[in-house]
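Close look at the chain arrangement
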Amino acid sequence: MSDNNGAISVPDEQVRIASTKMDGIGPQKAMKFRYRLGISGNIKIQELTKYQIDQMEQMISQDHVVNWEFKRGERADIKRLISISRYRGIRHQDGSPLRGQRTHTNARTSRKRIIQ
């Protein structure tokens, strides 16, 4: 896997594990790609040919939003929540926990950032 699509260069890992290291690609999507290309999940990245790697990268970049596009979308969602003053947006802005976690005794790191 090359670095241009966000995959970490891991030549000694199996294809089924290495293909999930990209943002936006989970185990199910990785399995679909491998099935379409006819690549076994048990072989290692270093055993793939250059053609197979190029095919896999091309298919992933055409079909799915990965890495920087994925992260850009997440940032846009957070900015939208902040701009419309949603509860989650305000919590993002404050650096506080978002999903109902306890803040009285926990979340010390985020409280330190607020105080300083």
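Residues numbered from 1 in each chain as written. Predicted model: local features only at pLDDT ≥ 70, side-chain atom pairs only at ≥ 80, totals over all residues. Heavy atoms only, no water.

Each helix and strand in the protein was counted, giving six helices and zero strands. Residues counted as buried form 27% of the 116 residues belonging to the protein. Restricting to contacts in the protein with at least 6 residues of sequence separation, those with at least 24 account for 48%. Accessible surface, the protein: about 8400 Å² in total, of which carbon and sulfur atoms supply 49%. (Helix = DSSP H or I, 4+ residues; strand = E, 2+ residues; numbered from the N terminus. Buried < 20%, exposed > 50% of the residue type's maximum accessible area, 1.4 Å probe, protein only. Contact = heavy atoms within 4.5 Å. Areas by Shrake-Rupley, 256 points an atom, 1.4 Å probe, with all protein chains shown as cover.)

Quick look at the pattern of salt bridges now. Enumeration over the complete set of coordinates arrives at two salt bridges. Between K50 and D54 there is a salt bridge whose closest N-O contact spans 3.4 Å. Of this pair, K50 and D54 both sit in helix α3 (residues 50–63), four residues apart, which is roughly one turn of that helix. (Salt bridge = Lys/Arg side-chain N within 4 Å of Asp/Glu carboxyl O.)

On to α3, then. Helical geometry note: an α-helix holds 3.6 residues per turn, so side chains three or four residues apart project in the same direction. Between its first and last C-alpha, α3 extends 20 Å over 14 residues, near the 20 Å set by a 1.5 Å rise per residue. Tucked inside the fold, the buried residues of α3 contact α1 (15–18) and α2 (27–37). (Expected span 1.5 Å × (residues − 1).)

Turning to the environment of M59, a few remarks are in order. Checked against the element boundaries, M59 lands in helix α3. For M59, a relative accessible area of 16% corresponds to the buried category.

Although it is not a glycine, S85 sits at a positive phi angle of roughly 55°. Residue position: S85 is located in the loop between α4 (68–83) and α5 (87–94).

What follows covers the confidence of the model for the protein. Per-residue confidence for the protein gives a mean pLDDT of 79, with 84% of residues at or over 70. By mean pLDDT, the top-scoring element of the protein is α5 (88), and the lowest-scoring one is helix α6 (residues 108–115) (66). Note on residues 1–8: pLDDT under 50 across the span, and 23 contacts to partners over four residues away in sequence or across chains. (pLDDT = per-residue confidence, 0-100.)

Core analysis: the largest hydrophobic core is formed by 14 residues, its most contacted members being V15, I25, L48 and I60. Every element with two or more residues in this core is listed here: α1, α2 and α3. Counting residues per element, this core draws most heavily on α3, at four residues. (Core = buried A, V, L, I, M, F, W, Y, C linked by side-chain atoms within 4.5 Å.)

A separate point is the packing of α2 against α3. Between α2 and α3, whose axes approach to 11 Å, the crossing angle comes to 130°. The orientation of α2 with respect to α3, classified from their angle, is oblique. Here α2 and α3 pass one another in a crossing that is right-handed. Along its contact with α2, which presents F33, R34, R36 and L37, the element α3 presents Q55, M56, M59, I60 and D63. Residue composition of the contact of α2 with α3, by class: five nonpolar, one polar and three charged. (Axes fitted to C-alpha atoms, helices over the stretch in contact; angles between N-to-C directions. Parallel < 35°, antiparallel > 145°, perpendicular 65-115°, else oblique. Left-handed = near helix turned anticlockwise from the far one by under 90°. Nonpolar A, V, L, I, M, F, W, Y, C, P; charged D, E, K, R; others polar.)

Within the fold, L98 resides in the loop between α5 and α6. Looking at L98, the relative accessible area reads 24%, which means it is partly exposed. Sequence-wise, L98 and R88 are ten residues apart; in three dimensions their C-alpha atoms are separated by 5.9 Å. In contact with L98, other than residues within four places in its own chain, are Y87, R88, R91 and H92.

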